[in-house]
Amino acid sequence: MKLFFYKQYIKLNNFICNLFPVEDWRNKNVLKKYNVQMLKASFSYTLKGINYHFNKKFVPDWLHVLENEIKQPDVWFYNFDKAILIDKGVILHKKNTVLLESTFFQREYLNKLKIAKLLVINTITKPKDELINVIPLMNRLSNNYFHWTTESLTRIALLDEKFPNLKENYTILINHDAPKFVEESLTQIIKWPQDKIHRYTDKKISWVKNCIQISYPVVRNQNTQRYYAYPAYIFQTLSKLAEKNISKNNLDEQLPENFIISRRKVGSRNLVNEDLLLNHFPTLNLKIVFLELLPFHQQVALFNNAKLIIAPHGAGLTNLTYCKPDVIVYEIYPIGRSFNQTSSFYQISKSINIKYHLMMTPPINKNEEMMIDEELLEKITELNKKYLLI
C-alpha cells in the first residue's frame, strides 16, 4: 500500500513539475537570448596518450568512446539580476522558467528533487527571504566527493581565475548538509573567504538579487554515450592551485612520497594483505595511509607530494587531481565490477600525465576484498624495476 501511494506521489510531483517550462542552456539557440560571459571557448580534444596502461584481457568499454575526438562546449557564466532560488539550486526566472544550477539533465533532475509543492507555493505567495550577490553550488550530487571536485569546485576555480575580485562581494551557497570537504576545498584551494560561504536550507524559497550561474565544463551527450567527459584543463587548474595554495610546511609530520591507500576501515574493496607490500619492497619505505582519517588539506598535500601510489579502487583516488605530472599509480581493481567508474581516473591521469596502471585481480568475497597474489606481486615488482624504484 505504501508503495502504491509513493508511486502516485511521484506521478503527481512529475506532472506538476512538467507544467513549468525548462530551458536547456547547453543549446546555443537558447544562450543567444542571454548576455552570457565567456570563461572558456569551445574546442575539440582527444585524450589519447601512452601513459595509461591496462590488461588487454580486460579492455574498458569506454575506451573507444573517450579516445575519440570530443567537442567541449563553451564554459560561461550569467548573472541573473532578479531570480527565485528554491531548494537545491533550482533557479526560477522570467515567467517561472526553470534553470537548474547543474545546467544539464534539467527536466530529469527537477523531477528527482521532488519540490512540486514548493513550485506551487511560489506561484501563490512571494518569498519572504531575500539574498543578494550569491553563487549557488547546490545540486543532487554536490555532496559526493568526486562530483563536487570535478563538477563544482572546477567551475568556481574557472570563475575565480578570470574574475578574482568576485570573492569580495559574492557569497557561495552550498547544501545545508554539505560535508566538511566542501567548505575546506573552497577556502583552502580557491581561497574563498569563510564568511562568504553559506549553507542554504533545503525546501527553502528565496528572492535573489544578482545570482551567478556557471555552466558545466563536463560533456555527456550521444557521442560520449553514458560516460562523462572531463576536459584536461579542469584537472590541471586544480593541480596548480593545490601546489600554490596548500602549504606543506605547516603539517605536523613529514609526508610520505610512496604510500598505499588502505580501505581496511571501510570494509569493502580493501587489500586484505596490504602489509605484504611493505615487507616485499623495504627500500621504497612505503607507508599505509587511511584517507578518511586525514583532514582535507593533508590529503591534498599528500597527493601533491606523491611519487608512487598503490590503491584499491575507491573515491579517494579523486585526489589524483592534485598530483604533479609523472607520479606513478597502481590501481587494483576487482574483476567483475563495472568498468564505468574507471573512466574518471583514466581522464584525470591523462590530463595530468600520470603514469597509471589499472591492475585487475579477482575478488575473494562479495565485499570485493582483494588479495595480492603471486601474479599481482610479480607485476608490481616488474613495474617498480621499469621505473627504477627498486
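First, a word on what this report is: a plain description of the structure on this page. Throughout this document, residue positions are counted from 1 along each chain, in the order its sequence is written. For a predicted model such as this one, the threshold for reporting local features is a pLDDT of at least 70, and the threshold for listing and counting side-chain atom pairs is 80 or more; totals across whole chains, interfaces and linings nevertheless cover every residue. Side-chain figures throughout are based on the complete set of non-hydrogen atoms in the structure, without hydrogens or water.

Re the overall build of the protein
Our working rule: Numbering of helices and strands runs from the N terminus, with a helix taken as a DSSP run of H or I at least four residues long and a strand as a DSSP run of E at least two residues long. Between the two quantities, the radius of gyration covers C-alpha atoms and the globule rule is 2.2 Å times the number of residues to the power 0.38. A simple rule labels every residue: compare its accessible area, found with a 1.4 Å probe on the protein chains alone, to the largest value its type can have, and call it buried under 20%, exposed over 50%, or partly exposed in between. Any two residues whose heavy atoms approach within 4.5 Å are treated as being in contact. Only the protein chains shown count as cover for residues, and all accessible areas are computed by the Shrake-Rupley method using a 1.4 Å probe. All tallies of charge rest on Lys and Arg as positive and Asp and Glu as negative; His and the ends of each chain are not included. A single reference atom marks each charge: NZ on Lys, CZ on Arg, CG on Asp, CD on Glu.
When helices and strands are counted, the protein shows twelve helices and 17 strands. Relative to a compact globule of 390 residues, whose C-alpha radius of gyration would be 21 Å, the protein shows 23 Å and is just as compact. With respect to the three principal axes, the spread of C-alpha positions in the protein is 70 × 50 × 40 Å. The buried share of the protein, taken over its 390 residues, is 55%. Sequence-distant contacts in the protein: of pairs separated by 6 or more residues, those separated by 24 or more amount to 78%. Accessible surface computed for the protein: about 18600 Å², of which carbon and sulfur atoms make up 52%. A gap of 7 Å separates the mean positions of the 52 positive and 37 negative side-chain charges of the protein.

Focus on the state of the cysteines
Selection rule: In what follows, a disulfide is any cysteine sulfur pair within 2.5 Å.
Using the criterion set out here, one finds zero disulfides in the structure. Looking at Cys211, it has no disulfide partner, and the nearest cysteine sulfur is the one in Cys17, 19 Å off. The exposure class of Cys211 is buried, given its relative accessible area of 1%.

Some words on unusual backbone geometry
For Asn133, which is not glycine, the phi dihedral falls at a positive 55°. Secondary-structure assignment places Asn133 in strand β9 (residues 129-136). Residue Asn133 is classed as buried on the basis of its relative accessible area, which comes to 17%. In this structure, Asn353 takes a positive phi of about 70° despite not being glycine. Here Asn353 is to be found in the loop between α11 (342-352) and β17 (355-361). On the accessibility criterion, Asn353 (36% relative accessible area) is partly exposed.

Re the side chain of Thr187
Selection rule: Distance and chemistry together define a polar contact, namely a pair of N or O atoms within 3.5 Å, with one atom able to donate a hydrogen and the other to accept it when in protein, and with adjacent residues in sequence counting only for side-chain atoms on both sides.
The residue Thr187 is located in helix α7 (residues 180-190) in this model. Reaching out from Thr187, the side chain makes a polar contact with the backbone oxygen of Glu184 at a distance of 3.2 Å. Setting aside anything within four residues of it in sequence, one finds Thr187 in contact with Trp192, Gln194 and Ile197.

Quick notes on the pattern of salt bridges
Counted only if it meets this: Whenever Lys or Arg places a side-chain nitrogen within 4 Å of a carboxyl oxygen from Asp or Glu, that contact is recorded as a salt bridge.
Here the structure, examined in full by the defined rule, presents 16 salt bridges. Where Asp129 meets Lys204, a salt bridge forms, and the shortest distance between an N and an O atom there is 3.5 Å. Residue Asp129 is found in strand β9, and its partner Lys204 is found in the loop between β11 (197-200) and β12 (205-214); the two are separated by 75 residues along the sequence. A relative accessible area of 25% means that Asp129 is categorised as partly exposed. The exposure class assigned to Lys204 is partly exposed, which follows from its relative accessible area of 22%. Close ionic contact of Glu274 with Arg264 constitutes a salt bridge, the shortest N to O distance being 2.3 Å. With a gap of ten residues between them, Glu274 in the loop between β13 (258-261) and α9 (275-280) and Arg264 in the loop between β13 and α9 connect regions that are remote in the sequence. According to the relative accessible area criterion, Glu274 is buried, its value standing at 2%.

Regarding the packing of helix α1 (residues 2-17) against helix α4 (residues 106-113)
The criterion, for reference: Axis angles are defined between N-to-C directions and span 0 to 180 degrees, where every axis is a line fitted to C-alpha atoms and, for a helix, only to the segment in contact. Orientation is classified from the angle alone, with under 35 degrees giving roughly parallel, over 145 giving roughly antiparallel, 65 to 115 giving roughly perpendicular, and any other angle giving oblique. Put simply, a crossing is left-handed when the front helix is turned counterclockwise from the back one by less than a right angle, and right-handed when it is turned clockwise.
Contact geometry for α1 and α4: axes closest at 9 Å, N-to-C directions at 135°. Viewed along their axes, α1 and α4 adopt a mutual orientation that is oblique. Judged by the twist between their axes, the crossing of α1 over α4 is right-handed. Counting all contacts with α1, which are made through Asn13, Asn14 and Cys17, the residues of α4 involved are Arg107, Leu110 and Asn111.

Thoughts on α1
Every α-helix winds through 3.6 residues per turn, so residues three or four apart in the chain are directed the same way. The criterion, for reference: Here, expected helix span is obtained from the residue count minus one, scaled by 1.5 Å. As used here, the arc belongs to the directions running from the helix axis to the C-beta atoms.
With 16 residues, α1 ought to run about 22 Å at 1.5 Å a step, and its terminal C-alpha atoms sit 22 Å apart, in line with that. Those residues of α1 that sit buried are Asn13, Ile16 and Cys17. Each buried residue of α1 sits inside an arc of 95° when the element is viewed along its axis, so together they form one side. The exposed set on the far side of α1, more than 90 degrees from its buried face, consists of Leu3, Lys11, Leu12 and Phe15. As for α1, its buried residues are in contact with α4 and α5 (116-124).

Quick word on the nonpolar core
Side chains of nonpolar character tend, in soluble globular proteins, to be buried together. Our working rule: Working definition of a nonpolar core: buried Ala, Val, Leu, Ile, Met, Phe, Trp, Tyr and Cys residues. They are joined through side-chain atoms within 4.5 Å.
The biggest cluster of nonpolar side chains holds 96 residues, and the ones touching the most others in it are Ile156, Leu186, Ile189, Trp192, Ile309 and Leu320. Element by element, the count of residues in this core is highest for helix α6 (residues 145-162), at eight residues. Those residues within four positions of Leu320 in sequence are excluded, and the remaining contacts are Phe303, Ile309, Val329, Ile348, Ile352, Ile354 and Tyr356. Grouped together as the second largest cluster of nonpolar side chains are 19 residues, Tyr330, Ile332, Met359 and Ile380 included.

Some words on a nonpolar patch on the surface
Note the cut-off: Grouping into patches uses exposed residues only, defined as over 30% relative accessible area, and leaves out salt-bridged ones; the cut-off is 9 Å for like charges and 5 Å for nonpolar side chains (Val, Leu, Ile, Met, Phe, Trp, Tyr).
A cluster of nonpolar side chains, namely Met1, Phe4 and Phe5, defines an oily patch on the protein surface of about 400 Å² accessible area. Positionally, Phe4 belongs in helix α1.

Concerning the packing of α6 against α7
Selection criterion: Under the scheme applied, nonpolar residues are Ala, Val, Leu, Ile, Met, Phe, Trp, Tyr, Cys and Pro; charged residues are Asp, Glu, Lys and Arg; polar residues are all the others, including Gly.
In the contact formed by α6 and α7, the axes pass within 11 Å of each other and the chain directions differ by 35°. The two elements α6 and α7 meet at a crossing, and its hand is right-handed. Note on element contacts: α7 touches α6 through Phe181, Val182, Ser185, Leu186 and Ile190, opposite Tyr145, Trp148, Leu153, Ile156, Ala157 and Asp160. Looking at the contact of α6 with α7 residue by residue, the class counts come to nine nonpolar, one polar and one charged.

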